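Here's the letter readout for the chains.
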Amino acid sequence: MAKAAAKKAAPKKAVKAAAPKKAAAKKAAPAKAAAKKAAPKKAAAKKAAPKKAASKKTAAKTAKRKPNAAFMAPLSVTPVLAEVVGNKPLPRTEIVKKIWDYIKKNNLQDQKNRRMINADEKLKPVFGGKAQISMFELAKLVNDQVKK
């Protein structure tokens, strides 16, 4: 019986939706006013949200991140790479930084395509004999030249 009552209720709602236009207009006007009132509340809520985000940022700045120990582990370099970065064991991040310092110091980036690195006499053996590599290949080639 409850299903039958629900079916009967549905057509009544449909009849109410097809009410005269005057009644719909009256209902729409208060809805517009309510929407206007609701809009400033949403704006106020949006203004409050950045304050929370700002407090999260300051909290993140106060709590320093600890570097991953795997990145900071000193690695020994091959004699070929030692000519560019030195022969002391260094973390991988420092090795890449020193290679980039060498590249910039000797102006080895390609002038037209800055993503490409031109090899000189010291870098050519590091690059596996290639005359030019992409900067994205650099990490792979460095990995071949270091040992734990």
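Further up the page is the structure itself.
Only a predicted model underlies this, so the values are computations on that prediction, with no experimental measurement involved.

Draft legend 1. Quick look at the overall build of the protein chain. Within the protein chain one finds seven helices and four strands. Reading the secondary structure of the protein chain in the N-to-C direction produces α-α-α-β-α-α-β-α-β-α-β. Within the protein chain, the fraction of its 148 residues that count as buried is 19%. If you take every contact in the protein chain between residues at least 6 apart in sequence, the share linking residues at least 24 apart comes to 27%. For the protein chain, the accessible surface area stands at approximately 11900 Å², while carbon and sulfur atoms represent 62% of it.

Draft legend 2. The pattern of salt bridges, seen in detail. Tallying each qualifying case throughout the model produces two salt bridges. Between Glu94 and Lys97 there is a salt bridge, with the nearest N and O atoms lying 3.7 Å from each other. Note that Glu94 and Lys97 are positioned in helix H5 (residues 92-105) at a spacing of three residues, about one turn of the helix. Using a relative accessible area of 49% as the deciding quantity, one classes Lys97 as partly exposed.

Draft legend 3. Quick look at the nonpolar core. Residues Leu81, Ile95, Ile99, Phe127 and Leu138 are the most contacted members of the largest nonpolar core, which totals 22 residues. Examining the composition of this core, we find that five residues originate from one element, H5, more than from any other. Discounting residues that sit within four places of it in the chain, Ile99 has contacts with Leu81, Val84, Val85, Leu138 and Val142.

Draft legend 4. Region of the structure containing the side chain of Asp120. Residue position: Asp120 is located in the loop between strand S2 (116-118) and helix H6 (123-126). Polar side-chain contacts of Asp120 include one of 3.0 Å to the backbone nitrogen of Leu123.

Draft legend 5. Broad picture of H5. With 14 residues, H5 extends 20 Å between its outermost C-alpha atoms, agreeing within 8% with the 20 Å of an ideal straight helix rising 1.5 Å per residue. All of the buried residues along H5 are Ile95, Ile99, Trp100, Tyr102 and Ile103. Considered in projection along H5, the buried side chains sweep an arc of 160 degrees and stay on one side of the axis. Every exposed residue of H5 that faces more than 90 degrees away from the buried side is listed here: Asp101, Lys104 and Lys105. For H5, the elements touching its buried residues are strand S1 (76-77), helix H4 (79-85), S2, H6, helix H7 (138-144) and strand S4 (146-147). Phi turns positive, to about 55 degrees, at Asn107, one or two residues after H5.

The rules behind the values
Residues numbered from 1 in each chain as written. Predicted model: local features only at pLDDT ≥ 70, side-chain atom pairs only at ≥ 80, totals over all residues. Heavy atoms only, no water. Helix = DSSP H or I, 4+ residues; strand = E, 2+ residues; numbered from the N terminus. Buried < 20%, exposed > 50% of the residue type's maximum accessible area, 1.4 Å probe, protein only. Contact = heavy atoms within 4.5 Å. Areas by Shrake-Rupley, 256 points an atom, 1.4 Å probe, with all protein chains shown as cover. Salt bridge = Lys/Arg side-chain N within 4 Å of Asp/Glu carboxyl O. Core = buried A, V, L, I, M, F, W, Y, C linked by side-chain atoms within 4.5 Å. Polar contact = N/O pair within 3.5 Å; in protein donor to acceptor, adjacent residues only side chain to side chain. Expected span 1.5 Å × (residues − 1). Arc of directions from axis to C-beta.

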